Amino acid sequence: MDITAILSPIATIGGMGLLFGLGLGIAAKKFAVPVDERVEAIKECLPGANCGGCGQAGCEAMAKSIVSGESPVNGCPVCNTDQVAAIAKIMGQEAVAGEKKVAVVRCKGNHEVAGQKFIYAGNLTCQDASLIGGGPKLCAYGCLGYGSCMIACPFGAITMENGLPIINRERCVGCGACEKQCPRSVIHLVPISSSYHVDCISKDKGKDVKSACKVGCIGCGLCVKQCEQGAIRLEENHAVIDASLCIGCGKCSLKCPTKAISNLLDEKECLEENVIPSEMASNGNQISI
């Protein structure tokens, strides 16, 4: 057997591989894109959930966006104060943390109080259900109740109970994934300091609302008259509360005939038992019902 005939092609292929490797190494160095070390440092400060709440494709994309100046140091809605401070330090900027936001469900129309047009048996997603005659609910604005928001939440902050999403305020980080997923915009982000909000976004007139749901806002305007701060207005047949003006007195929720106004803060909760909040009692304020 001629050993040369075997070794020659091996040597040739090995030599070619070596030359190609050297060529690639030189090309990699010559055409290398400089990597800003701050990108990796900021990425380590971000939560790593890749939730998309910042508007970027993920945490790495957000880190690059911050370094490039396209996004502010507090652009991640999930980051806490310490994380924002760390990112600001890397960027040599002053840390300015915005107020945390949480998701709220602007609907109380569960299976017991909301009427149905038909029984839906298709794909169990809110998006698919909404394509069939606008959804099975009589109310064209209420929560469809198939849990697309729960599936979208990367933090496990949403559970489904009786056809409505329940949001755990402790787990909710305000990323907005659920808000983007809802085909009816029932879920909305509000500042965590917000107290009262309206559990209905129906634009129908009062008579039509009552025929579709027992707890919808009928646009009667009683809450508007009760609010001494001018924090409530009627907009397209339903009440809207301006959180920046609301002082959390609770008069609106107590006056609402359908109990369509809820209290977000547990320590001020007074809807179920119609109890006057403790801070009002201590101030000697009176509520007229």
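As the structure is a prediction and not an experimental result, all values here were calculated from the model.

Caption draft 1: The arrangement of helix H4 (residues 81-91) in detail. Those residues of H4 that sit buried are Val84, Ile87, Ala88 and Met91. Take H4 and look down its axis: the buried residues cluster within an arc of 100 degrees, on one side only. Away from its buried face by more than 90 degrees, H4 exposes Asp82 and Lys89. In this structure asparagine 80 caps H4, since a side-chain oxygen of it lies 3.1 Å from the backbone nitrogen of aspartate 82. Taken from the residues just after H4, glycine 92 is the one with a positive phi, measuring 70 degrees.

Caption draft 2: The packing of aromatic side chains, seen in detail. Applying the stated criterion across every chain yields a total of 1 aromatic pair. Considering the side-chain rings of tyrosine 120 and tyrosine 146, the 5.5 Å spacing of their centres and the 65 degrees angle between planes classify their relative orientation as edge-to-face. Of this pair, tyrosine 120 sits in the loop between strand E1 (101-105) and helix H5 (126-130) while tyrosine 146 sits in the loop between H5 and helix H6 (148-152), placing them 26 residues apart in sequence.

Caption draft 3: Local environment of a nonpolar patch on the surface. On the surface, a cluster of nonpolar side chains totalling about 280 Å² of accessible area is made up of Ile3, Ile6 and Ile10. Within the secondary structure, isoleucine 3 sits in helix H1 (residues 3-30). By relative accessible area, which is 48% here, isoleucine 3 ends up partly exposed.

Caption draft 4: Representation of the packing of helix H2 (residues 37-45) against helix H3 (residues 59-68). Two numbers describe how H2 lies on H3: the axes approach to 8 Å, and their chain directions differ by 125 degrees. Overall, the two elements H2 and H3 adopt an arrangement that is oblique. Judged by the twist between their axes, the crossing of H2 over H3 is right-handed. The segment H2 lies against H3, with Arg38, Val39, Ile42 and Lys43 engaging Glu60, Ala63, Lys64, Ile66 and Val67. Looking at the contact of H2 with H3, its residues break down into 5 nonpolar, no polar and 4 charged.

Caption draft 5: Seen up close, the environment of isoleucine 158. Tracing the sequence through the fold places isoleucine 158 in strand E2 (residues 158-161). Remark: the alpha-carbon pair of isoleucine 158 and arginine 171, spanning 13 residues in sequence, is separated by 8.6 Å. Apart from residues lying up to four places away in sequence, isoleucine 158 is in contact with Cys149, Met150, Cys153, Pro165, Ile166, Ile167 and Cys178.

Caption draft 6: How the structure looks around the pairing of E2. Pairing of E2 with strand E3 (residues 164-167), which is carried by 4 bridges, proceeds in the antiparallel orientation. Note on E3: the bridge partner recorded for glutamate 161 is leucine 164. Between E2 and E3, which pair antiparallel and follow one another directly, the connecting turn spans 2 residues, one of which, asparagine 162, has a positive phi of 55 degrees.

Caption draft 7: Spotlight on unusual backbone geometry. For asparagine 162, which is not a glycine, the phi torsion comes out positive at approximately 55 degrees. Assignment of secondary structure puts asparagine 162 in the loop between E2 and E3. Phi is positive for lysine 259, close to 55 degrees, though the residue is something other than glycine. Tracing the chain through its elements places lysine 259 in the loop between helix H10 (251-255) and strand E8 (261-263). The partly exposed category is assigned to lysine 259, whose relative accessible area is 29%.

Conventions used here
Residues numbered from 1 in each chain as written. Predicted model: local features only at pLDDT ≥ 70, side-chain atom pairs only at ≥ 80, totals over all residues. Heavy atoms only, no water. Buried < 20%, exposed > 50% of the residue type's maximum accessible area, 1.4 Å probe, protein only. Helix = DSSP H or I, 4+ residues; strand = E, 2+ residues; numbered from the N terminus. Arc of directions from axis to C-beta. Polar contact = N/O pair within 3.5 Å; in protein donor to acceptor, adjacent residues only side chain to side chain. Phe/Tyr/Trp six-rings, centres within 6.5 Å; stacked < 30°, edge-to-face > 60°. Patch = residues over 30% accessible without salt bridge, like charges linked within 9 Å, V, L, I, M, F, W, Y side chains within 5 Å. Areas by Shrake-Rupley, 256 points an atom, 1.4 Å probe, with all protein chains shown as cover. Salt bridge = Lys/Arg side-chain N within 4 Å of Asp/Glu carboxyl O. Axes fitted to C-alpha atoms, helices over the stretch in contact; angles between N-to-C directions. Parallel < 35°, antiparallel > 145°, perpendicular 65-115°, else oblique. Left-handed = near helix turned anticlockwise from the far one by under 90°. Contact = heavy atoms within 4.5 Å. Nonpolar A, V, L, I, M, F, W, Y, C, P; charged D, E, K, R; others polar. Pairing = 2+ DSSP bridges.

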